[in-house]
Amino acid sequence: MMDLNYSDEQLLLKESAERFLKDRYDFERRNKIIASKTGYDVGIWSEMADLGWLALPFAEENGGLGGGAVEISLIMEAVGRALMVEPYLACVILAGGLVEKLGSADQKAKILGGLIAGTSRPALAHAERQTGFDFGNIAATATKSRDGYTISGEKPLVPGGPFADIFLVSARLDGAIKLFAVHADASDLIRTEVKLVDGSRASDLVLDNVAVPASALLGAEADTLAEIEATYDRANAALASEAVGIMDALMDATVAYTKERVQFGKPLAAFQALQHRMAEMAVKCQEARGSALLATLSVDAPRPMRIRGVSGARAKIGKVSRSVAQEAIQLHGAMGFSEEMPVGAWFRRLYAIENTFGTTADHLKRYSEVVRDPAVLSGSLLREPV
Amino acid sequence: MDLLMTEEEVRFRDEVRAFLDAHLGADLKRAERLNPSFLADPAVGLKWQAKLNDKGWVAPSWPKQYGGTGWTLAERYIFDQECERAGEPHFRGASIKMIAPVIMRYGNDAQKGFYLPRILSGEDVWAQGYSEPGSGSDLASLKTKAALDGDHYVINGSKIWSTLAHHATRMFALVRTADTGKKQEGITFILIDLKSPGATIRPIRSICGTHEFNQVFFDDVKVPVSDRIGEEGEGWDIAKYLLEFERGGAFAGGVLRAILTRLHRLASEPLADGRKMIDDPLFMVRFAEIATDVDANDMLELAAMSKVQAGGNPGSVPSSTMKIERSRIRQSIAELAASILGPDALRWEEYRPLHDLPEESEIDEERKVASAVYFNSRSQSIFGGSNEIQLEIIAKTLLR
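A quick note: this is a predicted structure, and the numbers were derived from the prediction, not measured.

The rules behind each value
Think of each chain on its own: its residues are numbered from 1, step by step along the sequence as written. Here chains are named by letter from A upward and ligands by number from 1 upward, in the order in which they appear as written. Totals for whole chains, interfaces and linings use all residues, but because this is a predicted model, local features are given only for residues with pLDDT of at least 70 and pairs of side-chain atoms are given and counted only at 80 or more. As a rule here, side-chain values cover all heavy atoms of the structure and leave hydrogens and water aside. Only DSSP runs of H or I reaching four residues or more are called helices, and only runs of E reaching two or more are called strands; each is numbered from the N terminus. The atom set for the radius of gyration is the C-alpha atoms, and the globule formula is 2.2 Å times the number of residues raised to the power 0.38. Two residues qualify as a contact provided that any one of their heavy atoms is within 4.5 Å of a heavy atom in the partner residue. The method behind every accessible area is Shrake-Rupley, applied with a 1.4 Å probe, and residues are considered shielded solely by the protein chains displayed. The term salt bridge refers to a side-chain nitrogen of Lys or Arg lying within 4 Å of a carboxyl oxygen of Asp or Glu. Three exposure classes are used, based on accessible area relative to the maximum for each residue type with a 1.4 Å probe and protein chains only: buried under 20%, partly exposed in between, and exposed over 50%. Axis definition: a line fitted to C-alpha atoms, limited for helices to the stretch in contact. Angles are taken between N-to-C directions and run from 0 to 180 degrees. Relative orientations are named as follows: roughly parallel for angles under 35 degrees, roughly antiparallel for angles over 145 degrees, roughly perpendicular for angles from 65 to 115 degrees, and oblique for any other angle. Take the far helix as your reference; a near helix turned counterclockwise from it by less than a right angle gives a left-handed crossing, and one turned clockwise gives a right-handed crossing. We call Phe, Tyr and Trp rings a pair once their centres come within 6.5 Å, taking the six-membered ring for Trp, and we label the pair stacked below 30 degrees between planes, edge-to-face above 60, and tilted otherwise. The criterion for a charge sitting over a ring is simple: Lys NZ or Arg CZ within 6 Å of the ring centre, and within 35 degrees of the ring normal. For every domain, the bounds stem from an assignment made automatically or drawn from a database. Two parts lose some accessible area (1.4 Å probe) when they are put together, and adding that loss for both gives the buried area. Residues grouped as a nonpolar core are buried Ala, Val, Leu, Ile, Met, Phe, Trp, Tyr and Cys residues, joined through side-chain atoms within 4.5 Å.

Considering the overall build of chain A
Each helix and strand counted, chain A has 12 helices and 10 strands in total. A compact globule built from 386 residues should have a C-alpha radius of gyration of about 21 Å, and chain A, at 21 Å, falls within 12% of that. Counting only C-alpha atoms and orienting by the principal axes, one finds that chain A spans roughly 80 × 55 × 40 Å. Within chain A, residue pairs in contact and separated by at least 24 positions form 73% of the contacts whose partners lie at least 6 positions apart. For chain A, the exposed surface amounts to about 15800 Å²; the carbon and sulfur share of it is 53%.

Spelled out as structure tokens, the structure:
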């Protein structure tokens, strides 16, 4: 039976995630982390391992907790509010997710085992400069060598790159896209740290005939490209929830600020012109929440319905989150313009999200291609049991 | 948490689909397509209501004891989706969705026994008597007077924007029985027989060219005290209860998806120069954005439904959000549909109802009604508590 209420366990997870980040990751601490030499906090990462976050989405037989997209969405909302820069999404959802789908028992034991323990941080190096939103547009190549493969190519803006010890590099092997596990310290792999617009960091990778053993290939027989696309959809659903967490935080901050700030002898929140603007922000927060929930519950649906849910949410949330962030800055006045308040950091993170794993326009286009089919457009959100 | 139907729900959906295939005739569907208004032409609506009444499906939201279906919320959602997908005439207005829940909650046994069956059968059609010329959003300022005189009230005043009152047999109205104290405290809820001497109706044509609204005048109209609902002075609480049904009580997911699908069909048809709007990237940007709005609103409805199913309340912010968003979505679909007419947008068919005119192709008829649908859609953000009132409700919750 259709049910959109969180279970008690899910509510506990939500509460624990919010409390952990509130206690251990306030805005001041976050600013120290992004100003530090490395740009991340290893201590927080191992605490996340202790809390089970790193094991959350993986099957129990792989050492995970068997959590689903809903559990991930709850973590991501809290991550959004806290503006966490450690690459949870990059390591766990993207890289970890693909290892679970494509890896051999040995690869899973090694890479997932390390990830879950908090000792290894795999990162996916897939998209290239020309890839845009066409996941199959990959130029990196892998050629068979005597005892393995030789990989060459460029992978810019690898999420989680500076923090990674293993890269999952996509490359064309005899024309087909395959994934290879490449050690971050491999010779002929050049990793350059890049600072990002939201305070986090990524890496530009250049691989120049990097030699890897035969055991580095994941999923020799699998449709790797289809798995990569599905994994990006999971990541996009997670980003949608992160954005919702940020929107709620912006809403709360704006309400709190306008209640406190007195001008012309009364709080800003007493002016009807501003009240209605905040009410419009709340409308957008609600809609975004509906969209993100649909994305979350669509990640395992048949492909057109998955795209309807996920890209529809990224398109819709891109638009409304931008508006909410702009309004939050405006209603904070000059204070919203200052880096001292988190408002600007949330604004910049939402801007980064709009340009991560497909832009708002890319997602709208992908969505519009599936809803051109009237069967998808008119199809109920309720699904038949499998 | 999931979006899955049960096996029984799938069977239920298929049963509803089969019924609609068999009983919702092409004439009724055509009349609805050609109806620019929120509610169907009464002749059309009553015809469809009679067919549903034979099946026992007139009032999906009523409890079984009053002749409703007794369905679960999920079944009601599925039924609504299927009816909308099939294009049923929208006849569930003031009678089924407004006065009936009030009679069930506040009426006495005699009132329930007399009025509820007459609603199901279509013998009674009700009009709403809330707004007055001087009282719109500030409803509690209403002035229509009811003076007690023995075993009846004498009503003087006027009600306005009464949808389909010219076809209605009765009106439920808020009237003032006291002028002392707070303005909300002197309001009483009564039922008026519109055939009573002293009741007169002035038609108001709306900007879509249809006569759906009316102003109703009461000049010493007598109403028996037995037609009062609840106690004297209890009218404001009853009114608020009723408005909950007008605002949030129904699903819009089905109708929004249905009219968006109609727009898709219209945009897929070649224009005079051979182009299709659906191939126009500018059109598709707007269309796809609206479709994401429909999905988001649909999810909010399902989430609200889940809350109610679990014994909770959707909350005022989600409810007002849905009211606002439904209106905006309907308006943007209607506006986009009208925007593809080209110079034909200038042609205006005055005759009403449009379905009495000779039949043309489905697409030509969609084009014929599109301007009027757009004009009518502007009412969406005004009725049932205007969007500004909804924003006030949200702001009060946020800022309290």
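Let's talk about the environment of M76(A)
Structurally, the position occupied by M76(A) is in helix α4 (residues 69–82). When near neighbours in sequence (up to four residues on either side) are disregarded, M76(A) contacts Y88(A), L89(A), A238(A), S241(A) and E242(A).

Some words on the pattern of salt bridges
With the rule as written, the count across this model stands at 57 salt bridges over all chains. The shortest N-O distance in the salt bridge between K155(A) and E128(A) comes to 2.9 Å. With K155(A) in strand β3 (residues 148–159) and E128(A) in the loop between β1 (122–125) and β2 (141–144), this residue pair connects regions lying 27 residues apart in the sequence. Take K155(A) and E128(A): they sit in the same class, and that class is buried. Across the pair D124(B) and R170(B) runs a salt bridge whose closest N-O atoms are separated by 2.9 Å. Of this pair, D124(B) sits in the loop between α6 (109–121) and β1 (126–129) while R170(B) sits in strand β4 (residues 170–176), and the two are 46 residues apart along the sequence. Three or more residues joined by partner-sharing salt bridges are found here, namely E229(A), D233(A), R303(A), R306(A) and R366(A).

Re the packing of helix α5 (residues 88–102) of chain A against helix α6 (residues 105–117) of chain A
In a packed pair of helices, the relevant descriptors are the angle between the two axes and the axis-to-axis distance. Residue and element names in this part refer to chain A. Between α5 and α6, whose axes approach to 9 Å, the crossing angle comes to 160°. By the angle between their axes, α5 is roughly antiparallel relative to α6. When you trace α5 past α6, the crossing you get is left-handed. On α6, the residues that touch C91, V92, G96, V99, E100 and L102 of α5 are Q107, K108, I111, L112 and L115.

Points about the packing of aromatic side chains
All names here are of chain B. Tallied over the full model, the rule gives 27 aromatic pairs over all chains. Ring plane angle 85° and centroid distance 5.5 Å describe the contact between Y77 and F251, whose orientation is recorded as edge-to-face. Taken together, the residues span a long stretch of sequence, with Y77 in helix α4 (residues 73–86) and F251 in the loop between α7 (235–248) and α8 (253–268) at a distance of 174 residues. As far as the burial class goes, Y77 and F251 line up, both buried. Between W161 and F213, the aromatic rings sit 5.9 Å apart at their centres with planes inclined by 85°, giving edge-to-face as the arrangement. One end of the pair, W161, is in the loop between β3 (152–160) and β4; the other, F213, is in strand β7 (residues 211–224), and 52 residues separate them in sequence. By relative accessible area, which is 46% here, W161 ends up partly exposed. Ring pairs connect the aromatic residues F12, F19, W48, W57, W71 and F79, which therefore count as one cluster. We note K55 situated over the ring of W57; from NZ or CZ to the ring centre the distance is 4.9 Å.

Focus on the environment of K101(A)
For K101(A), the location among the structural elements is in helix α5. In sequence terms K101(A) and Q263(A) are 162 residues apart; their C-alpha atoms lie 57 Å from each other.

Comments concerning the domain arrangement of chain A
Residues and elements named next belong to chain A. What the domain assignment lists for chain A is domain 1 (8–120), domain 2 (123–218) and domain 3 (224–377). Centre-to-centre, using C-alpha coordinates, domain 1 lies 22 Å away from domain 2. Across the boundary between the two partners, domain 1 contributes 25 residues, which contact 21 residues of domain 2. In total, domain 1 and domain 2 occlude about 1600 Å² of area from one another, counting both sides; carbon and sulfur atoms represent 68% of this. On the domain 1 side of the contact with domain 2, Y40, Q107 and I111 bury the most area, a combined 25% of that side's loss.

Structural notes on the side chain of T292(B)
In this structure, T292(B) sits in helix α9 (residues 281–309). We classify T292(B) as buried; its relative accessible area is 4%. Residues contacting T292(B), with those up to four places away along its chain left out, are G312(A), A315(A), K316(A), L364(A) and Y367(A).

A look at the environment of A178(B)
All names here are of chain B. Relative to the assigned elements, A178 resides in the loop between β4 and β5 (187–193). Given a relative accessible area of 28%, A178 falls into the partly exposed group. Taking the C-alpha atoms as reference points, A178 and N35, separated by 143 residues in sequence, lie 41 Å from one another.

A short note on the nonpolar core
If you look at the biggest cluster of nonpolar residues, it comprises 125 residues, and the most contacted ones within it are Y88(A) and F180(A). No other element matches helix α7 (residues 224–260) of chain A, which puts 16 residues into this core. Excluding residues that lie within four positions of it along the chain, Y88(A) makes contacts with W45(A), M48(A), W53(A), L54(A), L56(A), I72(A), I75(A), M76(A) and I93(A). Core analysis: the next-biggest nonpolar cluster, separate from the first, contains 70 residues, L28(B), Y106(B), F251(B) and A303(B) among them.

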